[in-house]
Amino acid sequence: MAEAHQAVAFQFTVTPDGIDLHLCHEALRQVYLSGLHSWKKRFIRFKNGIMTGVYPGSPAGFMVVVVSYMSYNQYKQLDPSLGLIAKLGQHIPISQYMSTNSQSIVGGVLVGTGLWVTIIMIMRNVLKCLLSWHGWMQARHGSVSWSTHVWMILVKIFSGRKPMLYSFQNSLPRLPVPSIKDTCRRYLESVRPLMDDEQYERMKGLTEDFKKNLGPRLQWYLKLKSWWASNYVSDWWEEYIYLRGRAPIMVNSNYYAMDFLYVFPTSNQAARAGNTIHAIMLYRRKLDRAQIKPLMLLHTIPMCSAQYERMFNTSRVPGVDTDTIQHVNESKHIAVYHKGRFFKVWMFYDGRLLLPREIEQQMQRILADESEPLPGEERLAALTAGDRTPWAKARETYFSRGKNKQSLDAIEKAAFFVTLDDTEQGYDAKNPVKSLDRYAKSVLHGKCYDRWFDKSFNMIIFKNGTMGLNAEHSWADAPIIGHLWEHVLSMDPKLGYTEDDHCNGDPHPNLPGPQRLQWDIPAECQETIESSLTVARTLADDVDCHIFPFTEFGKGLIKKCRTSPDAFIQIALQLAHYRDKGKFCLTYEASMTRLFREGRTETVRSCTMEACAFQQHATHPREERLRLLKLAAEKHQNMYRLAMTGQGIDRHLFCLYVVSKYLGEDSPFLKEVLSEPWRLSTSQTPMQQLELFDLVRHPEYASSGGGFGPVADDGYGVSYIIVGENLINLHISSKYSSPETDSHRFGANIRQAMLDMLDLFQLNNKAK
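Residues numbered from 1 in each chain as written. Predicted model: local features only at pLDDT ≥ 70, side-chain atom pairs only at ≥ 80, totals over all residues. Heavy atoms only, no water.

## Description of the overall build of the chain
When helices and strands are counted, the chain shows 23 helices and 22 strands. Expressed as a percentage of the 768 residues in the chain, the buried residues total 54%. Pairs at least 24 residues apart make up 79% of the contacts formed inside the chain by residues separated by at least 6 positions. Here the chain contributes 89 positive and 81 negative side-chain charges, whose respective centroids are spaced 8 Å apart. (Helix = DSSP H or I, 4+ residues; strand = E, 2+ residues; numbered from the N terminus. Buried < 20%, exposed > 50% of the residue type's maximum accessible area, 1.4 Å probe, protein only. Contact = heavy atoms within 4.5 Å. Lys, Arg positive; Asp, Glu negative; His and termini not counted. Charge placed at Lys NZ, Arg CZ, Asp CG, Glu CD.)

## Regarding the UniProt feature "active site" (unreviewed entry) in the chain
Mapped onto this numbering, the UniProt entry gives "active site" (unreviewed entry) at His-473. Position of His-473 relative to the elements: it lies in the loop between strand S14 (467-471) and helix H15 (478-495). Judged by relative accessible area, His-473 falls into the buried class, the value being 17%. Discounting residues that sit within four places of it in the chain, His-473 has contacts with Tyr-242, Ser-253, Asn-254, Tyr-255 and Arg-600. A polar contact is formed between the side chain of His-473 and the backbone oxygen of Ala-476, at a distance of 3.3 Å. (UniProt positions renumbered as here; feature names shortened; annotations may be inferred. Polar contact = N/O pair within 3.5 Å; in protein donor to acceptor, adjacent residues only side chain to side chain.)

## Notes on the sheet that holds strand S12 (residues 417-420)
Working definition: the strands of a sheet are paired by backbone hydrogen bonds and lie parallel or antiparallel to each other. In space, the 8 strands of this open sheet follow the order S15-S9-S8-S12-S13-S14-S3-S20, with mixed pairing throughout. Looking at strand neighbours, the two that pair on one side only are strand S15 (515-516) and strand S20 (706-708), the edges of this open sheet. In this sheet, S15 lies alongside strand S9 (residues 341-346) in antiparallel orientation, the contact comprising 2 bridges. Pairing of Phe-343 across the sheet is with Arg-516, part of S15. On top of the sheet, helix H10 (residues 269-288) reaches strand S8 (333-338), S12, strand S13 (457-461) and S14; it is set at about 150° to S13, its chief contact. (Pairing = 2+ DSSP bridges. Axes fitted to C-alpha atoms, helices over the stretch in contact; angles between N-to-C directions.)

## Focus: the side chain of Asp-259
On the secondary structure map, Asp-259 appears in the loop between strand S3 (255-258) and H10. At 3.2 Å, the side chain of Asp-259 forms a polar contact with the backbone nitrogen of Met-467.

## Some details on the pattern of salt bridges
All chains considered together, the criterion is met by 39 salt bridges. Here Asp-421 and Arg-451 are joined by a salt bridge, their closest N and O atoms 2.9 Å apart. Within this pair, whereas Asp-421 is found in the loop between S12 and helix H14 (432-444), its partner Arg-451 is found in the loop between H14 and S13, the two being separated by 30 residues in sequence. Assessed through its relative accessible area of 3%, Asp-421 is described here as buried. With a relative accessible area of 0%, Arg-451 lands in the buried category. Among the salt bridges present, the one from Arg-605 reaches Asp-650, with a minimum N-O distance of 2.7 Å. One end of the pair, Arg-605, is in strand S18 (residues 601-605); the other, Asp-650, is in helix H21 (residues 650-663), and 45 residues separate them in sequence. Given a relative accessible area of 3%, Arg-605 falls into the buried group. Here the salt bridges do not stand alone but share partners, grouping Arg-246, Arg-316, Asp-323, Arg-388, Asp-454 and Glu-472 into one network. (Salt bridge = Lys/Arg side-chain N within 4 Å of Asp/Glu carboxyl O.)

## Some remarks on helix H13 (residues 402-412)
Along H13, the positions that sit buried rather than exposed are Asn-404, Ser-407, Leu-408, Asp-409, Ala-410, Ile-411 and Glu-412. Each element contacted by the buried residues of H13 is listed here: strand S6 (314-317), strand S7 (324-327), S8, S9, helix H12 (388-398) and S12.

## Quick notes on unusual backbone geometry
Of note in this structure, Asp-501 is not a glycine but carries a positive phi near 65°. Residue Asp-501 is classed as partly exposed on the basis of its relative accessible area, which comes to 26%. Within the chain, Glu-598 stands out as a residue other than glycine whose phi angle is a positive 60°. Summarising the element assignment, Glu-598 is placed in the loop between strand S17 (587-592) and S18.

## Observations concerning empty space enclosed by the protein
Under the defined criterion, the tally for this structure stands at 3 cavities of 30 Å³ or more. Size it by volume and the largest cavity reaches roughly 110 Å³. If you trace the largest cavity, you find 16 residues lining it, with Leu-175, Val-233, Thr-593, Thr-601 and Arg-651 closest to the centre. Those elements that provide at least two residues to the lining of the largest cavity are helix H9 (234-243) and S18. In terms of residue class, the lining of the largest cavity is made up of 6 nonpolar, 7 polar and 3 charged. In terms of domain composition, the lining of the largest cavity takes at least three residues from each of domain 3 (179-245 + 648-675) and domain 5 (551-645 + 677-763). Size it by volume and the second largest cavity reaches roughly 40 Å³. (1 Å grid on protein atoms, 1.4 Å probe; cavity = no way out; pocket = protein on both sides within 12 Å on 5 of 7 lines; lining within 4 Å. Points joined across faces, edges and corners; volume = space filled by probe spheres on them. Nonpolar A, V, L, I, M, F, W, Y, C, P; charged D, E, K, R; others polar. Domains from an automatic or database assignment.)

## Notes on the side chain of Asn-729
Examined against the element boundaries, Asn-729 turns out to sit in strand S22 (residues 727-735). When its relative accessible area of 1% is taken as the criterion, Asn-729 is described as buried. There is a polar contact of 2.8 Å between the side chain of Asn-729 and the backbone oxygen of Ser-703. In this view, Asn-729 contacts Leu-261, Phe-548, Pro-549, Ser-703, Ser-704, Ser-719, Tyr-720, Ile-721 and Val-723; residues no more than four positions away in its chain are not counted.

## Quick look at the packing of aromatic side chains
The full count for this structure, using the stated rule, is 30 aromatic pairs. With 5.4 Å between their ring centres and 90° between their planes, Tyr-262 and Tyr-427 make a pair best called edge-to-face. One end of the pair, Tyr-262, is in the loop between S3 and H10; the other, Tyr-427, is in the loop between S12 and H14, and 165 residues separate them in sequence. For Tyr-262, a relative accessible area of 36% corresponds to the partly exposed category. Measuring from centroid to centroid gives 6.1 Å for Phe-399 and Trp-519, while their planes differ by 75°, and the two rings are edge-to-face. With Phe-399 in the loop between H12 and H13 and Trp-519 in the loop between S15 and helix H16 (523-541), the pair connects residues that are 120 residues apart, well separated along the chain. Assessed through its relative accessible area of 5%, Trp-519 is described here as buried. Taken together, the aromatic side chains of Tyr-337, Phe-342, Trp-391, Phe-399, Phe-417, Trp-452 and Trp-519 make up a single cluster linked through ring pairs. Taking the ring centre of Trp-237 as reference, the NZ or CZ of Arg-651 above it sits at 3.7 Å. (Phe/Tyr/Trp six-rings, centres within 6.5 Å; stacked < 30°, edge-to-face > 60°. Lys NZ or Arg CZ within 6 Å of the ring centre and 35° of its normal.)

In structure tokens:
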């Protein structure tokens, strides 16, 4: 492309007199500014590393401690070095280089620094002990005991002032290893409603045998790991659940997020991309500078921030047996796909981040580019959508050298990936059901070759200005990308658009254009691409997505019933599933364990004896049914607390299974437990930054939330987001190929179950 020549820093020609060098001063200026930007970034990271490393100490605290110590010794006429200088003087001729006063000052500073470090370590360990107490979870919603009040005050005292994103990492407790006895007991309790008496007695026998024989031995190794590693689960979870999977990550692993439900800020695709990309880059800058506030429960209790580290400049790299996560510290460009072509777009010019109007200018250049895709280029990304092993082999054979490697590096080392989609998606009031279902499928898998599914996340901007996001799962869980997404959605109205639907500001007259990536894809590789595309299309075409906003009531009315909104929805899902299939099933609800260092998720087994009893007594008197409903909700809340505090069972059982494999031991109990299918997989997408959205004044800025594909071939995937006080958005997925499932039918059952449960509360209130 013509614009590429503007990036040439110098040219030279060979003459009889020697080499004639022609310098391009503008290019050299850009090199200087780029280097300056890099050094500033390194300094900020170094400074933040120091600040985080000494937290809850601070430079001001250091000065206070040292000056106070020196003043005290001066007043008392004491040796501030505590004899340290004198002892060193026996071996080193210090007096030859420093006067007595200098020795006293240096010794006092050294001892004062040691005192400061000691105070930091004491505060950090006291805070770790405080954060290991989880009694605050036992309080009923809306009430706080005096002991919790005192505890929260102590946590605030020992937490220091103005924490940065990673300040609490060294103060977070380690994830505890539950006892074998407790895990086995809770496991049997969770499967009791799903088994008849004969099946249960058989499983009980396997459990008792495991608990007495192999279990304690496996537990010893797990305890050893928990003492040595930061988290005994997370590295194995990432490797064996995500990276070693050989099936497509599209649909099976990646998840999605959707735009505003009712608001369409602009129909200009390039302008929406300009504001969105600029907002994301602003978020990355805050992330690099650790200026994002750590997420705090009850504004006091910190949660682990480790997963934020790989949000940008990250890609999953395929391997024959296992994938790896590739992360680079800095990336100054993004990769963009449009109509079968790939582009590299620089995000900085003149040493600064491009403004929204300038990014729009770059996107418009790509949209106006009428060049044809190179052979094999259009569907290249299908390699990331198909099975992992063929992609790994193709990557090694065809993309490890030359222009293919350079272009692949440009994608994999980009800050993130952008697709300028040539379809129109979004909520259509004339056809609300089909429009949202079609929108979800597009964000989840698209055409199977227009998303780079290996990137940490793909930003998708549709032709009509609507947008969506597709995220790879191995590097982090949904709340992390949800935090970014909330920032992006909240920034869009602030950045705004002009009357003629452009980003605010002016185009740049000298901005070099996007760089078209070049490929040389042989026929053999194109055959592999088509094979991967066939696999991906078969998977994508089988996904049945149904998204519906539940507007009849929200968490405001549920809380008036003195019930947890999450427990209410989970029990409704059990009721809906029973009506849908006539039976209960093993149910997965994701819960976070980020109260612990490097924590990720734990499973809440929502299908409990109490939830089943509520459905099975559907014909009983209203008072009895309401009592059973409250018992089921209380049981669910207790299980959620156990999962959050490291007392869940599934991650423990998973790690015991991994240890058994390392030892070469075969456990019938663990093998059966780990092979049980999750036919109902559920997750709540929490809103984390409520201060960014005024949904009372502007309810139209409600988020659609996001979702994921079905986990089991004959099961459902359900994601829900509680928006404000009066709206719950649900995302349901299943497979067309299963005769047992129908996402629309299940959605209707969920709606009716929630209405029936609310009626039960309201009828009881009227009776009173």
